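These are the residues of each chain, in order.
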Amino acid sequence: MQRLASTSTSADRRSAVRGALDQSASIRLRQPLRTYRERRMRRWRDLIIDTWGALSYKPAFRHAADGRSGRLPGHAGASWVPEADLRRLAAYTVLAAYDTNQAAALLGEDGADRREYGDPALIVDQTLTHLLGETQQIVVAGAEEADQAAQDAETLLRDWADSEHLWMRMQYAERNAVLLGDSVYLMAWSREKGRPVLKTIDPGFYFPVLPDGAIDADEYPARIHLAWETAADPATGSKGTLRRVTYELGPIDKGEPMTRTYPWSARPSALTCYLTDAEWDLDQVDRTSNVDSLSLKRARFHTNADGDVLDHLDLQLDFIPVVHVPNTINGAEHFGQSSLMKAAQLIDDLGAADTDSQRASATTGSPIIGLSGARLPVDRKSGQPLPVQVQPGMVWPLGDSGQLTTVDTSTQLAELRSYVDTLRDRLSVVTRLPASVLGTMEVSQAPSGYAIQLSFGPLDAMVRSMRLARAAKYPLLLKMVLRLYQAGGVLPSGRQPQASIALGSYLPTDRAGILDLVTKGVAAGVLSLETGVRMLVDAGFPIDDAALEVARIQGRTPTAAQERRDEDEEVDDEAA
């Protein structure tokens, strides 16, 4: 009985040990799985899908976007920048580096010899050219129908556009929009000039205070900051500063709430726009505050040309004179997306292929040579062979068993060039710019004109979408210009006509065919004269003012040839 009990105890002990070993093995097997799940969940938590997510593959962008080490140049990582804007500012810096052929600098030492041949700048410039079209013109509704108020407003706006160099500023602003995804216009009334003045603002200085939750792209922010840093200057002893210009809509408060009737509206309004222009020393900026919550206790306030202190100054406007222009229709997002965003990795691959091609061309032009059995020059002091360089006309005497071998890399060079051409074709597809626009195809090589016209289909869809994103922005800008003229006393009170900017055609047009179409359509009565003139303007005919051109056509004066024919007819009648 005792032996049986001992045997049973040993069996139980062995079973317990085996169970413990099995449990331990099970724990060891489950541990890597749990770690894998944790890593996978961590990757899901780190995944951010937003307007700038296409750049997340770049370590420099990720480090700057989450505020870690590796801050990009500029203020994409300053303590006063809101966390929600870090990714946007980091994306602006990366995209600007692409535009200036400096994207390889973000790769560190790995990009020291990376070749960049300006493909991103070409994409931006060609997209901008087709977006703006051949012509830009201010058009006021009703001006073509001889509405005197509309014609006066159109004349005023066109004169203002010439004085403020609107088209030049528009080129700069829209290039920022295409490259970075956003552009910002700022307006103010100038008493000295007697007109509204227009400025273009770098979108990296633009910090709108957007409401929490779902954001409608058409929703206008009630508080906007324009902020930037100024670096310290050891030569003059000046400190680094932070400047913030704030526009805010708020109730009219002069001791007690009140209302005000603005010249452009018959309804009293209780809102007005306040302007604050403050500056801080960087060493006095609270590191726990962002640009919207900076304390004004240590701020210095600027003054305007009239000597007014810009501390909550009432502008006597019921709108903020800032217009943000996004590059794309981006759903509920306030900011737009750069035209380079989806092609960023492709541009990197193209730069790497260009670098490899350049290296291969170097070995093809100056081949690697293996030499044996030759009498090479020797250093008399050390007795070591001197370096040999291949030069034209050089002769190497070889022995009986001497050999000269070269490494031919021309085949690899041809393959690399073919790969570069493949990447450029892919780049044309991704950016929706046909090869004829990017300059990678000669028009003479196209099979037919109809084939070229079909190749512009993706570009046409892209330009129409980009213009739709701006359809409400430029009418808003011109409405603000007219209201500033009313606030300055130049225009009378009352509702002003609606104005917009008409962008010309961006596709190759058959002007002779359009002129023939308009002539026949107007003669047959299926097209009005105004519509025909507008078609000629869109086709690129040199017509500065469509309404004036219609008036000239309707009230045509006799030409000199017609006058001579009339005089000849009168002489003939008298002779008869």
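Residues numbered from 1 in each chain as written. Predicted model: local features only at pLDDT ≥ 70, side-chain atom pairs only at ≥ 80, totals over all residues. Heavy atoms only, no water.

S.K.: When you look at helix α5 (residues 148-163) in this model, what are you seeing that I'm missing?
M.R.: For an α-helix, 3.6 residues make a turn, and residues three or four places apart therefore share a direction. End to end, α5 covers 23 Å across 16 residues, agreeing with the expected 22 Å (1.5 Å per residue, within 8%). For α5, the full list of buried residues reads A150, A153, E154, L157, R158, W160 and A161. Projected down its long axis, α5 shows its buried positions confined to an angular sector of 160°, all on one face. Where α5 is buried, its residues contact β1 (136-140), α6 (166-180), β3 (195-201), α12 (473-487) and β15 (499-503). A side-chain oxygen of the first residue of α5 lies 3.2 Å from the backbone nitrogen of A149; this N-cap is D147. (Helix = DSSP H or I, 4+ residues; strand = E, 2+ residues; numbered from the N terminus. Expected span 1.5 Å × (residues − 1). Buried < 20%, exposed > 50% of the residue type's maximum accessible area, 1.4 Å probe, protein only. Arc of directions from axis to C-beta. Contact = heavy atoms within 4.5 Å. Polar contact = N/O pair within 3.5 Å; in protein donor to acceptor, adjacent residues only side chain to side chain.)

S.K.: Teacher, can you tell me more about the packing of helix α3 (residues 86-99) against α6 here?
M.R.: A pair of packed helices can be characterised by two numbers: the angle between their axes and the separation between those axes. α6 packs onto α3 with a crossing angle of 105° between their chain directions and a minimal axis gap of 9 Å. Judged by the inter-axis angle, α3 sits roughly perpendicular to α6. Residues Y92, L95, A96 and D99 of α3 form the contact with α6, whose own contacting residues are R175, L179 and L180. Looking at the contact of α3 with α6, its residues break down into 5 nonpolar, no polar and 2 charged. (Axes fitted to C-alpha atoms, helices over the stretch in contact; angles between N-to-C directions. Parallel < 35°, antiparallel > 145°, perpendicular 65-115°, else oblique. Nonpolar A, V, L, I, M, F, W, Y, C, P; charged D, E, K, R; others polar.)

S.K.: Mind showing me how you'd approach the environment of A266 here?
M.R.: Turning to its location among the elements, A266 is positioned in the loop between β7 (260-261) and β8 (268-269). A266 gets classed as exposed once you look at its relative accessible area, which sits at 76%. Sequence spacing of A266 and G494 is 228 residues, and the spatial spacing of their C-alpha atoms is 7.7 Å.

S.K.: Whenever I open this one, unusual backbone geometry confuses me. Can you help?
M.R.: A negative phi angle characterises most non-glycine residues, just as the trans form characterises most peptide bonds. Positive phi, normally seen in glycine, also occurs at N101, with a value near 60°. Inspection of the secondary structure assignment puts N101 in the loop between α3 and α4 (119-132). Positive phi, normally seen in glycine, also occurs at H312, with a value near 60°. Note that H312 resides in the loop between β10 (300-301) and β11 (313-314).

S.K.: Can you help me understand the pattern of salt bridges in this one?
M.R.: Close approach of charged atoms allows side chains of opposite charge to pair. On inspection of all chains with the given rule, the structure shows 21 salt bridges. Across the salt bridge formed by D306 and R191, the nearest N and O atoms sit 3.1 Å from each other. With a gap of 115 residues between them, D306 in the loop between β10 and β11 and R191 in the loop between β2 (182-190) and β3 connect regions that are remote in the sequence. Across the pair R223 and D292 runs a salt bridge whose closest N-O atoms are separated by 2.7 Å. Remark: D292 occurs in the loop between β9 (271-281) and β10 and R223 occurs in strand β5 (residues 223-230); sequence separation between them is 69 residues. (Salt bridge = Lys/Arg side-chain N within 4 Å of Asp/Glu carboxyl O.)

So, to be careful, I would describe these as geometric facts and stop short of saying anything about function.
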